[in-house]
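Per-entry structural report
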Amino acid sequence: MSTAAIHAGWVAAADGHRALTPPIHTASAFAQTSHASLKALFQRRGDGFAYSRSGNPTTAVLEQRITALEQGIGAIAVASGQAATTIALYALAAPGGHIVASSRLYGGTTELLDDTLADAGVSCTVADPWDLEAWEAAFTEDTRAAIVESIANPGAQLVDLPALCAIAHARDVPVVVDSTLASPALYRPGEHGADVVVHSATKYLCGHGTTIAGLIVDTGRFDPRRCPRRWPQLTERNRRFGVTFAEEYARGGSGLLGYARAKYVTDFGATLPAASAQQILVGIETLGLRMGKVSTDAATLAARLHGLPGVARVEHPTIPGRPDAALADRDFPRGTSGVFSMELTGGEAAAAAFCDALALWTIAVNIGDARSLVCHPGTTTHSHLTGAQREACGVREGTVRLSVGLEDLEDLWADLAQALSAAHAVGEELSTAA
Ligand SMILES: Cc1ncc(COP(=O)(O)O)c(C=O)c1O
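Residues numbered from 1 in each chain as written. Predicted model: local features only at pLDDT ≥ 70, side-chain atom pairs only at ≥ 80, totals over all residues. Heavy atoms only, no water.

An unreviewed UniProt entry lists the protein chain under the name homocysteine desulfhydrase, with Brachybacterium vulturis given as the organism. The protein chain has a UniProt comment under Cofactor (unreviewed entry) that states "pyridoxal 5'-phosphate". (UniProt positions renumbered as here; feature names shortened; annotations may be inferred.)

As C-alpha cells, this is what we get:
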C-alpha cells in the first residue's frame, strides 16, 4: 500500500523534465496535432485529453493512484465526495431505479437519496446493515444499487461486507461502498465484495484539510452484461455517444466509469481541478503513516472516555458490547480510523459546553484533518434528517463527533478531560434545575 501510495500513476522518467512529483496542468484545453485527432477523441477513439472538464493529465495520475490502492480496474476523480456518491448512484440507478441504503450513512448521502435522487424518480429503502434479514427484505425487482459505509460516520460502526454483498450479488445488484473513513490504508472494500468504492478524498486521502475532492473506483466485479435488461444505459448502443459502454469491459476498462464520465461528470461539470488533484496526491503519500496513528489514538481516547461521569456512551468498535467487535478483528487489523462519537448525558447543552470548552480541538465540520476536530452532528452534518433517521444512525441530542488528528495523544487527552469536566458541570446544573 505505501509503495503504491508514493509511486502509482507517475514515473519521473516519462516527464520531459523528469519532475519527481506530477506537475499541475492548469490548461483548460489541449492542443491537438490535427483535426482528425480531436475528432477521434470526441468519438471516444484514441487516448489523450481534449478539455479539462472531462479529463486532465494531473487528475489522471490521481485516478491511476487510487485505482492501484483499491486494486480496481479504473477510477474517476470528481469535484467532491458528494459528487462521487451522486454520480455513482445516478450512473447505476437513474432514471427510475431503486436503491437499498444503509441506515448509517453520512447525513449528506441520506439527503441525496431522500431528496435529489427521489426528484429524479430513484426510490430508496433504508435497512440496518447489522440486520441481514432486513437488508435482504429491502431488495426489489427494480433494485439497481446498494450503498453502505465501510466505517460509518460518525459512530464508526463496521459492516460485514461479504455478507451484505452476498445478498446483493444473488440478485445481480452492485454494492457501492463509501470508504471515506477507512481509506485504502485500513480496508479495501473490493477484497470484501464491493463493486464500486467512493471516497470523499477531502478527508484522510488529503489529510490536511486543504482540498475538497471525490473519487469513484470500479473494483472490476460488476458486469452489467450479466443482467442486460436492467442496465440498458450500459448494454445498449448509446445514441448520444455512439457507443455501447459495456463493451469497454472486454478491453479491461470500466463501462460504468466510461458512462459516468461521458455523461454525468461532463453534464454536471463536477470536475476536479488539477491543483486539487495534486494536493490529494501529496496527501496520499503519507496515508499509511497517518492512518496507523489516528486509529491507535482514537481507540485509546475512546477507551479512556468510556464510563466517565457525564458520558452516556462511546461509539467505537473496541468499546465493550459493540456488536461489530468481531468484524474489527476479522476485517480491520490495521485499525478503524480516527473518527468516533460519544454521547453526553446533558444533551445539546452539555455538547455545546464541551465543544466551547475545548482549546486544542477545533469546532469544525470536517474529519481526517491533521488537526483534531469536533462537531455536534445533530445540529450540523445530520441536522436536515428526521429524528428517526438520526436515531437510526446513532446521532442523539448529546452526541459529539471526534476526529482525531496528528497532535500528541496526551495533549489531546488533557483537553478532552478538562472540557468534559466543564460539560459535566452543565449537565449537573441542568438535572438539579429539572
Ligand atoms: C462518509 C462521507 N462521505 C461523503 C462525504 C461528502 O464528501 P465531500 O464533503 O468531500 O463532498 C462526507 C463528508 O463529510 C463523508 O463524511
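On we go from here.
On to unusual backbone geometry. Backbone torsion omega between Ala 94 and Pro 95 reads -5°, so that peptide bond is classified as cis. Note that Pro 95 resides in the loop between α4 (81-93) and β2 (98-102). Along the chain, Asn 153 connects to Pro 154 via a cis peptide bond; the corresponding omega equals 15°. Following the sequence through the fold, Pro 154 ends up in the loop between β4 (143-149) and α7 (161-169). Phi angles above zero are rare outside glycine, and Ser 337 is one such case at about 80°. Along the chain, Ser 337 turns up in the loop between α13 (325-331) and β9 (339-344). Classification of Ser 337 by relative accessible area gives buried; the value is 0%. (Helix = DSSP H or I, 4+ residues; strand = E, 2+ residues; numbered from the N terminus. Buried < 20%, exposed > 50% of the residue type's maximum accessible area, 1.4 Å probe, protein only.)

You can see Ser 200 is positioned in strand β6 (residues 196-200). Once residues lying within four places of it in the same chain are set aside, the contact partners of Ser 200 are Gly 81, Thr 180 and Ala 213. (Contact = heavy atoms within 4.5 Å.)

Moving on, we get to the sheet that holds β9. As summarised here, the arrangement of the five strands in space is β8-β9-β12-β11-β10, forming an open sheet in which the pairing is mixed. In this open sheet, the two edge strands, each paired with only one partner strand, are β8 (311-315) and β10 (362-363). Pairing geometry for β8 and β9, over four bridges, is antiparallel. Residue pairing for β9: Val 311 is matched across the bridge by Leu 344. Sheet contacts for helix α12 (residues 287-305): β8, β9 and β12 (399-403); angle to β9, the most-contacted strand, approximately 15°. Helix α14 (residues 347-357) rests against β9, β10, β11 (373-375) and β12 of the sheet, and its axis sits at about 125° to β9. (Pairing = 2+ DSSP bridges. Axes fitted to C-alpha atoms, helices over the stretch in contact; angles between N-to-C directions.)

This part is about the site of the ligand. Taken together, 13 residues surround the ligand, and among them Gln 82, Asn 153, Asp 178, Ser 200 and Thr 202 come closest. A distance of 2.8 Å is found between an oxygen atom of the ligand and a side-chain nitrogen or oxygen belonging to Ser 200. In isolation the ligand has 390 Å² of accessible area, and contact with the protein removes 91% of it. Because more than half of its atoms lie within 2 Å of the grid, the ligand is assigned to the second largest pocket. Counted by class, the shell around the ligand contains three nonpolar, seven polar and three charged residues. (Near = heavy atom within 4 Å. Polar contact = N/O pair within 3.5 Å; in protein donor to acceptor, adjacent residues only side chain to side chain. Areas by Shrake-Rupley, 256 points an atom, 1.4 Å probe, with all protein chains shown as cover. 1 Å grid on protein atoms, 1.4 Å probe; cavity = no way out; pocket = protein on both sides within 12 Å on 5 of 7 lines; lining within 4 Å. Sits in = over half its atoms within 2 Å of the grid points. Nonpolar A, V, L, I, M, F, W, Y, C, P; charged D, E, K, R; others polar.)

The next thing to look at is the sheet that holds strand β3 (residues 123-127). The strand order across the open sheet formed by seven strands is β1-β7-β6-β5-β4-β2-β3, and the pairing between neighbours is mixed. Two strands close off the open sheet at either side, each with one partner strand: β1 (74-78) and β3. Within this sheet the neighbouring strands show an average axis-to-axis angle of 20°, counted without direction. Where β6 and strand β7 (residues 214-218) come together, five bridges link them in antiparallel fashion. Counterpart to Ser 200 in the pairing with β7 is Gly 214. Where helix α5 (residues 107-119) meets the sheet, it contacts β2, β3 and β4, and its direction lies at approximately 155° from that of β2. Here helix α10 (residues 255-268) sits on the sheet in contact with β1, β6 and β7, set at roughly 20° to β1.

Let's shift gears to helix α11 (residues 274-285). In this model, α11 (twelve residues) spans 17 Å end to end at C-alpha, consistent with the 16 Å of a helix rising 1.5 Å per residue. Taken together, the buried positions of α11 are occupied by Ala 274, Ser 276, Ala 277, Gln 278, Ile 280, Leu 281, Gly 283 and Ile 284. Its buried side turned inward, α11 meets α1 (2-7), α3 (57-70) and α12. (Expected span 1.5 Å × (residues − 1).)

This paragraph deals with the packing of aromatic side chains. Tallied over the entire structure, the rule returns ten aromatic pairs. Aromatic side chains Tyr 90 and Phe 268 sit 5.5 Å apart centroid to centroid with 85° between the ring planes, which places their arrangement in the edge-to-face category. Of this pair, Tyr 90 sits in helix α4 while Phe 268 sits in helix α10, and the two are 178 residues apart along the sequence. Look at Tyr 90 and you get buried, because its relative accessible area is 12%. The interplanar angle of 75° and the centroid separation of 5.9 Å between the aromatic rings of Trp 135 and Phe 139 together place this pair among those described as edge-to-face. Each member of the pair, Trp 135 as well as Phe 139, carries the same accessibility label: buried. Three or more aromatic residues joined by ring pairs form one cluster here, namely Tyr 90, Phe 241, Phe 245, Tyr 259, Tyr 264 and Phe 268. (Phe/Tyr/Trp six-rings, centres within 6.5 Å; stacked < 30°, edge-to-face > 60°.)

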